[in-house]
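Secondary and tertiary structure notes
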Amino acid sequence: MKKFIIPKNEWKSIPLDSVEFILKEGKDYLEYTLNESDKITKRAYSIILILFAILSGVVAYTFNKMVLKDFHPIVFLNYGLVVALTIILFRFGVLIFPRTIKVKGRIPKKIALPQFLNNPKLTKEENYLSFIIQDIEVVQDKIDFNLVQNKKRQEKLKFNMILVTILFPLYLIIAFFTTL
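Just so you know, these numbers come straight off a predicted model, no measurement behind them. Numbers given for residues are sequential positions, taken from 1 along each chain in its written order. The model is predicted, so local features are restricted to residues of pLDDT at least 70 and side-chain atom pairs to those at 80 or more, both for listing and for counting; the totals for chains, interfaces and linings are taken over all residues. Side-chain measures were taken over the full set of non-hydrogen atoms in the model, leaving aside hydrogen atoms and water.

It is worth spelling out the packing of aromatic side chains at this point. Each aromatic ring pair is characterised by the separation of its centres together with the angle its planes make. Working definition: rings of Phe, Tyr and Trp (its six-membered ring) pair if their centres are within 6.5 Å, and the pair is stacked with planes under 30 degrees apart, edge-to-face with planes over 60 apart, and tilted otherwise. What the rule picks out here adds up to three aromatic pairs. On the numbers, 5.2 Å between centres and 45° between planes, the contact of Tyr29 with Tyr32 is tilted. With Tyr29 and Tyr32 both in helix H1 (residues 16–67) and three residues apart, this pair spans about one turn of that helix. One cation-aromatic arrangement involves Lys102 over Phe145; the distance from NZ or CZ to the ring centre is 4.9 Å. What counts as a helix is a DSSP run of H or I of at least four residues, what counts as a strand is a run of E of at least two, and both are numbered from the N terminus. Either the NZ atom of lysine or the CZ atom of arginine qualifies as a charge over a ring when it sits within 6 Å of the ring centre and within 35 degrees of the ring normal.

Attention shifts here to the nonpolar core. Working definition of a nonpolar core: buried Ala, Val, Leu, Ile, Met, Phe, Trp, Tyr and Cys residues. They are joined through side-chain atoms within 4.5 Å. The buried label applies to any residue whose accessible area, calculated with a 1.4 Å probe on protein chains only, is under 20% of its type's maximum; exposed applies above 50%, and partly exposed to all values in between. By size, the foremost hydrophobic cluster in this structure holds 21 residues, and its most contacted members are Ala44, Leu51, Leu81, Leu85, Ile88, Phe92 and Leu157. In terms of residues, this core owes the most to one element, helix H2 (residues 73–96), which gives nine residues. Apart from residues no more than four positions distant in its own chain, Phe92 is found in contact with Ala44, Ile47, Ile48, Leu51, Leu157, Asn160, Met161 and Val164. Throughout, a contact is declared for two residues whenever any of their heavy atoms are within 4.5 Å.

Further remarks concern the packing of H1 against helix H5 (residues 124–178). Comment: axis = line fitted to C-alpha atoms, over the contacting stretch for helices; angle = value between 0 and 180 degrees taken between N-to-C directions. Put simply, H1 and H5 touch, their axes get as near as 8 Å, and they point 20° apart. Judged by the inter-axis angle, H1 sits roughly parallel to H5. Considering only the axes of H1 and H5, their crossing is left-handed. Each residue gets one label: Ala, Val, Leu, Ile, Met, Phe, Trp, Tyr, Cys and Pro are nonpolar, Asp, Glu, Lys and Arg are charged, and the others, such as Gly, are polar. Grouping the constituent residues of the contact of H1 with H5 by class yields 24 nonpolar, seven polar and seven charged. Roughly parallel here means an angle under 35 degrees, roughly antiparallel means over 145, roughly perpendicular means 65 to 115, and every remaining angle is called oblique. Here a crossing is called left-handed whenever its near helix is offset anticlockwise from the far helix by less than a right angle, and right-handed whenever the offset is clockwise.

Where nonpolar side chains cluster on the molecular surface, the patch consists of Met66, Phe71, Phe76 and Tyr79 and spans about 410 Å² of accessible area. Note that Phe76 resides in helix H2. For Phe76, a relative accessible area of 52% puts it in the exposed group. Patch membership requires more than 30% relative accessible area and the absence of a salt bridge. Residues of like charge join within 9 Å; the nonpolar side chains Val, Leu, Ile, Met, Phe, Trp and Tyr join within 5 Å. Accessible surface area values rest on a Shrake-Rupley calculation with a 1.4 Å probe, where residue burial reflects the displayed protein chains alone. Each salt bridge in this description consists of a side-chain nitrogen of Lys or Arg and a carboxyl oxygen of Asp or Glu lying within 4 Å of one another.

To continue, consider H1. Helix span, expected: 1.5 Å multiplied by one less than the number of residues in the helix. Between its terminal C-alpha atoms H1 stretches 76 Å, which fits the 76 Å expected from 52 residues at 1.5 Å a residue. Just beyond H1, the residue with positive phi is Lys69, at close to 55°.

Let us look at the pattern of salt bridges. The final tally for this structure, using the stated rule, is seven salt bridges. In this structure, the salt-bridge partner of Lys27 is Asp135, at a minimum N-O distance of 3.7 Å. Remark: Asp135 occurs in helix H5 and Lys27 occurs in helix H1; sequence separation between them is 108 residues. Look at Lys27 and you get partly exposed, because its relative accessible area is 40%. Residue Asp135 is joined to Arg106 by a salt bridge in which the shortest nitrogen-to-oxygen separation is 3.1 Å. Separated by 29 residues along the polypeptide, Asp135 in helix H5 and Arg106 in the loop between H2 and helix H3 (108–111) bring together distant segments of the chain. Exposure remark for Arg106: the relative accessible area of 22% places this residue in the partly exposed category. Overlapping salt bridges, with partners in common, bring together Lys27, Arg106 and Asp135 in one network.

Here you go:
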């Protein structure tokens, strides 16, 4: 994706109110991308809890069958289900644990550069305008980055949910035919 840059020719004539409005809207949209990322994480976490409960039940049932020496073909099928659920749980776990995302704000050492703070060629208003313009470009970069990351994570979440949707009916069909 091409980096967004505000044209610098005649930048001093850009109304301060306009760039402040653009920056406010950009920060609102950045907030949206962060909330979307959190939603993906929460969905994955919820599904992990449900799948872990199912996995625990299947392991307990299988262990019980093995201890009682009631070795039924369902035990082998359950081994396969346990392996598949473990893999799927790991795939969901990838969506939860540390993810790359660009957050709101910047650290002062990236903003307080001497060439911007002590520029005698600029008036106080022009200096402020230059900071706002720079911040708009940075916010747009963060939004672009977060949108790409969120899209990748949404695709992984969707794929994992499809796997779960296929796994359980497939398991039930196979279990039905092995118990006949």
